[in-house]
Amino acid sequence: MSAKSAINKEVFIPHDEKMLAAVQVKRRTKKKIPFLATGGQGDYMTFICLSVTNKKPSQLSITKVKQFQGSSAFVKRSGWTIDQLRQVNGIDPNKDCPEFDLMFDNAFDQWVASSAGEKCTFIQILHHTCQRYSSARKPEFVNCQSKLLGGNSILHSAADSVTSAVQKASQALNERGERLGRAEDRTADMMNSAEQFAVTAHKLAMKHKC
């Protein structure tokens, strides 16, 4: 089981919630260091998770989850409602990068994700979800690439892929139906021809007897 699947199972499902996205992060420092999933004694992994309640009306939350070295358990450390999220800063609108900031009413966190791709996926899903679920007071997304906020998101791409697959399947069924229809027509023609041949042969036989 992956770490994200385990987090969903241990942290969110017991509270009747569903995790929509998660990104593994470390706090940014002045000195740039490589991302390390684990380190020395007392180290831990941190995940920023987006979740939604199964109960209506849906409530969105952003939760900080940690897994300490030597432990297989995931622990919820802190959390915010989506209405407390004020700003999402993608840092660089011109290229993929792992850094991003989250500003809440009472907190400001600067993060570096385990990869630029993981950060981009998280922001894409976060933006899409905020547009769908959050109230009139939506968070501001700044310095984010347009591909993360526009119509060409992975969510729309996935939907397009499903639609394309359905269309292809429908086309294949239609073509199969047409082929079956043509085969049935040919069979009917052959039966008609055989019937006509039998009638003609019967008439000739009767003529010879006369």
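What you see is a predicted model; the values in this text were computed from it and never measured. (Residues numbered from 1 in each chain as written. Predicted model: local features only at pLDDT ≥ 70, side-chain atom pairs only at ≥ 80, totals over all residues. Heavy atoms only, no water.)

(A) Quick peek at unusual backbone geometry. Along the chain, lysine 56 connects to proline 57 via a cis peptide bond; the corresponding omega equals -5°. Among the structural elements, proline 57 can be located in the loop between strand S2 (44-53) and strand S3 (60-68). We note that isoleucine 91 has phi near 75°; this positive angle belongs to a residue other than glycine. Tracing the backbone shows isoleucine 91 in the loop between strand S5 (85-89) and strand S6 (99-104). (Helix = DSSP H or I, 4+ residues; strand = E, 2+ residues; numbered from the N terminus.)

(B) The arrangement of the nonpolar core in detail. Formed by 26 residues in total, the largest nonpolar core has its most connected members in Leu50, Ile62 and Leu126. Of all elements in the fold, only strand S1 (17-27), S2, S3, S5, S6, strand S7 (108-113) and helix H2 (116-133) reach the threshold of two or more residues within this core. Sorting elements by how many residues they give to this core places H2 first, with 6 residues. Residues within four places of isoleucine 62 in sequence aside, it is in contact with Ile48, Cys49, Leu50, Ser78, Gly79, Trp80, Ile82, Leu85, Phe104 and Leu126. Ranked by size, the runner-up nonpolar core spans 11 residues in total, among them Ile7, Val11, Cys49 and Val65. (Core = buried A, V, L, I, M, F, W, Y, C linked by side-chain atoms within 4.5 Å. Buried < 20%, exposed > 50% of the residue type's maximum accessible area, 1.4 Å probe, protein only. Contact = heavy atoms within 4.5 Å.)

(C) Focus on the sheet that holds S3. Pairing is mixed across the open sheet formed by 8 strands, whose spatial order is S4-S3-S2-S1-S7-S6-S5-S8. The sheet terminates laterally at strand S4 (75-81) and strand S8 (140-142), the two strands that pair on one side only. The average undirected angle you get between the axes of adjacent strands in this sheet is 30°. Two elements, S3 and S4, share 6 bridges in a ladder whose sense is antiparallel. Within S4, the residue paired with lysine 66 across the bridge is valine 75. Set on the sheet, helix H1 (residues 3-12) makes contact with S1, S2, S3 and S4; between it and S1 the angle comes to about 120°. (Pairing = 2+ DSSP bridges. Axes fitted to C-alpha atoms, helices over the stretch in contact; angles between N-to-C directions.)

(D) Region of the structure containing a nonpolar patch on the surface. Taken together, Tyr44, Phe68 and Val75 make up a surface patch of nonpolar side chains, about 220 Å² in accessible area. Tracing the backbone through its elements, the reader meets tyrosine 44 in strand S2. Under the relative-accessibility criterion, tyrosine 44 is labelled partly exposed at 32%. (Patch = residues over 30% accessible without salt bridge, like charges linked within 9 Å, V, L, I, M, F, W, Y side chains within 5 Å. Areas by Shrake-Rupley, 256 points an atom, 1.4 Å probe, with all protein chains shown as cover. Salt bridge = Lys/Arg side-chain N within 4 Å of Asp/Glu carboxyl O.)

(E) The environment of serine 72, seen in detail. Secondary-structure assignment places serine 72 in the loop between S3 and S4. For serine 72, the contacting residues outside a window of four places in its chain are Glu10 and Gln67.

(F) Quick look at H1. The complete set of buried residues in H1 reads Ala6, Ile7, Asn8, Val11 and Phe12. On the buried face of H1, the contacting elements are S1, S2, S3 and S4.

(G) How the structure looks around the layout of surface pockets. Computed from the structure, the second largest pocket encloses a volume of approximately 200 Å³. In this structure, the second largest pocket is lined by 13 residues; those nearest its centre are Lys18, Leu20, Val52, Arg132 and Tyr133. Among the elements of the structure, S1, S2 and H2 are those that each provide at least two residues to the lining of the second largest pocket. With 5 residues, H2 is the largest single contributor of residues to the lining of the second largest pocket. (1 Å grid on protein atoms, 1.4 Å probe; cavity = no way out; pocket = protein on both sides within 12 Å on 5 of 7 lines; lining within 4 Å. Points joined across faces, edges and corners; volume = space filled by probe spheres on them.)

(H) Highlighting the pattern of salt bridges. Throughout the structure, instances matching the rule amount to 7 salt bridges. The partner of lysine 4 in a salt bridge is glutamate 118, and the shortest N-O contact between them spans 3.0 Å. Highlighted residues: lysine 4 in helix H1 and glutamate 118 in helix H2, separated in sequence by 114 residues. Given a relative accessible area of 31%, lysine 4 falls into the partly exposed group.

(I) Spatial organisation of the side chain of glutamate 17. Mapping glutamate 17 onto the fold places it in strand S1. Summary of buried charges: glutamate 17 has no salt-bridge partner, and the nearest side chain of opposite charge, lysine 76, is 5.2 Å away. (Lys, Arg positive; Asp, Glu negative; His and termini not counted.)

(J) Representation of the environment of cysteine 49 in the model. Within the secondary structure, cysteine 49 sits in strand S2. In this view, cysteine 49 contacts Ile7, Phe12, Met19, Ala21, Ala22, Ser61, Ile62, Thr63, Val65 and Phe122; residues no more than four positions away in its chain are not counted.

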